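Single-letter residue listing:
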Amino acid sequence: MVRYIIPYIFLYLFYLPFRILPYRACLVYGRFLVCLLFPLAKKHRKIAYDNISYAFPDYSEERKKELVWKSFLHIGDLLAGTLFAPRLSRKWMDKYLVYDAESLAIEQKTIQDGVGVVLISGHFGTWEILVQFMGIRMKGGGIYKKVRNPYVDRLIHKLRSKNGIKLVSTEESSQVTKMLKQGYWVGFGSDQNAGKVGIFVDFFNRKASTYQGPALMAYLTGAKMLLYSVLCGENGKVMVRVKDLGFVDKSAFSDREAAIRHYTEVWTKALEEEVKLYPEQYFWVHRRWRTKPGDFPGQI
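Residues numbered from 1 in each chain as written. Predicted model: local features only at pLDDT ≥ 70, side-chain atom pairs only at ≥ 80, totals over all residues. Heavy atoms only, no water.

*Asks:* Sorry if this is basic, but what is going on with the environment of Phe32 here?
*Replies:* By the element assignment, Phe32 lies in helix α2 (residues 23-37). Along the primary structure Phe32 and Ile143 are separated by 111 residues, whereas in three dimensions their C-alpha atoms are 31 Å apart. (Helix = DSSP H or I, 4+ residues; strand = E, 2+ residues; numbered from the N terminus.)

Next comes the structure, spelled out in structure tokens:
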């Protein structure tokens, strides 16, 4: 078990400052760490540059490089938000969360309606703060992938569930259907590469293998689909933007596959439009388009 304990200790020591420092100091510290690592991250800088070049082909070289730099700075904010997030409270939210009137109205009405919600987000903004305030503001649930290291897995589970969100592992994903029917808001961060299990939809000028889970769960349970963007603003503020994607209209499609494809395209396009507004806050270093059409015969 020593091989598990040493990485756990290292991770905990890395996390410790974010457990102690004030929120705004955490933001400064997060950016400081990223600035130290930026010169060493040649591989990930290239991935970000290539992804940005495809997404924004009209950008000048200077603007692309500037966006790479800004996106790395944002990773510092993301790191700080992720590790500070378990300390969130209602008092913190009252001070730092900022809703526009339309987004707040959508959220409040949906809570009042008491329906299950497929809450869709991407690797965009400061998404771990969204995980935490789901447990405080609504009847929140989430799916997580277990980590092989049991000590690290327990730590991550403890941190993510700190504010009351109900977590189920990917091995227990059948529970998601029950939760949605019980009125839970279940979060899906589904914009990573889905490999051979995904379907191809357009995302920033390229076909991207995309998970069907959000649309499938909405189809099976009658849950409402909401797209959330939780973004870093000025002076530590966190901007919350909500897009109402509605319910699956089964009668409009010939079969389940057609409906799932349509609503997968709907939420993917909605996320793309959000990213275009705040491109520096997207996680460009992930290999979103790694799987290409033709890589897996039969994939559509």
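Still more ground to cover, so stick around.
*Asks:* Looking at this structure, how should I read unusual backbone geometry?
*Replies:* With the exception of glycine, the majority of residues adopt a negative phi angle, and the majority of peptide bonds are in the trans configuration. We note that Phe204 has phi near 55°; this positive angle belongs to a residue other than glycine. Along the chain, the position of Phe204 falls in the loop between β6 (199-203) and β7 (206-210). Classification of Phe204 as buried rests on a relative accessible area of 1%. For Asn205, which is not glycine, the phi torsion reads 75° and is therefore positive. Along the polypeptide, Asn205 turns up in the loop between β6 and β7. A relative accessible area of 58% places Asn205 in the exposed class. (Buried < 20%, exposed > 50% of the residue type's maximum accessible area, 1.4 Å probe, protein only.)

*Asks:* Would you mind showing me how to read the pairing of strand β4 (residues 166-169) here?
*Replies:* Each regular strand carries side chains that alternate between the two faces of the sheet. Sheet topology places strand β3 (residues 140-144) next to β4; four bridges connect them, and they run parallel. From the neighbouring strand, Tyr144 faces β4, where its bridge partner is Ser169. Tracing the backbone out of β3, into helix α8 (residues 150-160) and back to the parallel element β4 gives a crossover that is right-handed. (Pairing = 2+ DSSP bridges. Right-handed = clockwise from strand over helix to strand, strands pointing away.)

*Asks:* Any chance you could explain the side chain of Arg288 here in plain terms?
*Replies:* Positionally, Arg288 belongs in the segment after α11 (256-277). At a separation of 2.4 Å, a polar atom in the side chain of Arg288 contacts the main-chain carbonyl oxygen of Asp191. Apart from the residues within four sequence positions on either side, Arg288 is in contact with Asp191, Gln192, Asn193, Phe203, Ala208, Ser209, Thr210 and Tyr282. (Polar contact = N/O pair within 3.5 Å; in protein donor to acceptor, adjacent residues only side chain to side chain. Contact = heavy atoms within 4.5 Å.)

*Asks:* Where do I start with the sheet that holds strand β9 (residues 238-246) in this structure?
*Replies:* In a beta sheet, neighbouring strands pair by backbone hydrogen bonds and run either parallel or antiparallel. Read across the open sheet, the seven strands follow the order β1-β9-β8-β2-β5-β3-β4; overall the sheet is mixed. Edge positions in the sheet fall to β1 (97-99) and β4, since each has one partner strand and no second. Direction aside, the axes of adjacent strands within the sheet are offset by 30° on average. Across the sheet, helix α7 (residues 127-137) touches β1, β2 (117-121), β3, β5 (185-189), β8 (224-232) and β9, and the angle it forms with β8 is around 125°. (Axes fitted to C-alpha atoms, helices over the stretch in contact; angles between N-to-C directions.)

*Asks:* Help me understand a positive patch on the surface in this model?
*Replies:* On the surface, Arg24, Lys91, Lys95 and Lys237 cluster together into a positively charged patch. On the accessibility criterion, Arg24 (43% relative accessible area) is partly exposed. (Patch = residues over 30% accessible without salt bridge, like charges linked within 9 Å, V, L, I, M, F, W, Y side chains within 5 Å. Areas by Shrake-Rupley, 256 points an atom, 1.4 Å probe, with all protein chains shown as cover. Salt bridge = Lys/Arg side-chain N within 4 Å of Asp/Glu carboxyl O. Lys, Arg positive; Asp, Glu negative; His and termini not counted. Charge placed at Lys NZ, Arg CZ, Asp CG, Glu CD.)

*Asks:* Where do I start with the packing of helix α9 (residues 174-181) against helix α10 (residues 213-221) in this structure?
*Replies:* To describe two helices that pack against each other, one gives the angle between their axes and the distance between the axes. Axis separation between α9 and α10 bottoms out at 10 Å; the angle between their running directions is 55°. By the angle class used here, α9 and α10 are oblique. In terms of crossing hand, the pair formed by α9 and α10 is right-handed. Here Val176, Thr177, Leu180 and Lys181 of α9 come into contact with α10, specifically with Met217, Leu220 and Thr221. Among the residues forming the contact of α9 with α10, the class breakdown is four nonpolar, two polar and one charged. (Parallel < 35°, antiparallel > 145°, perpendicular 65-115°, else oblique. Left-handed = near helix turned anticlockwise from the far one by under 90°. Nonpolar A, V, L, I, M, F, W, Y, C, P; charged D, E, K, R; others polar.)

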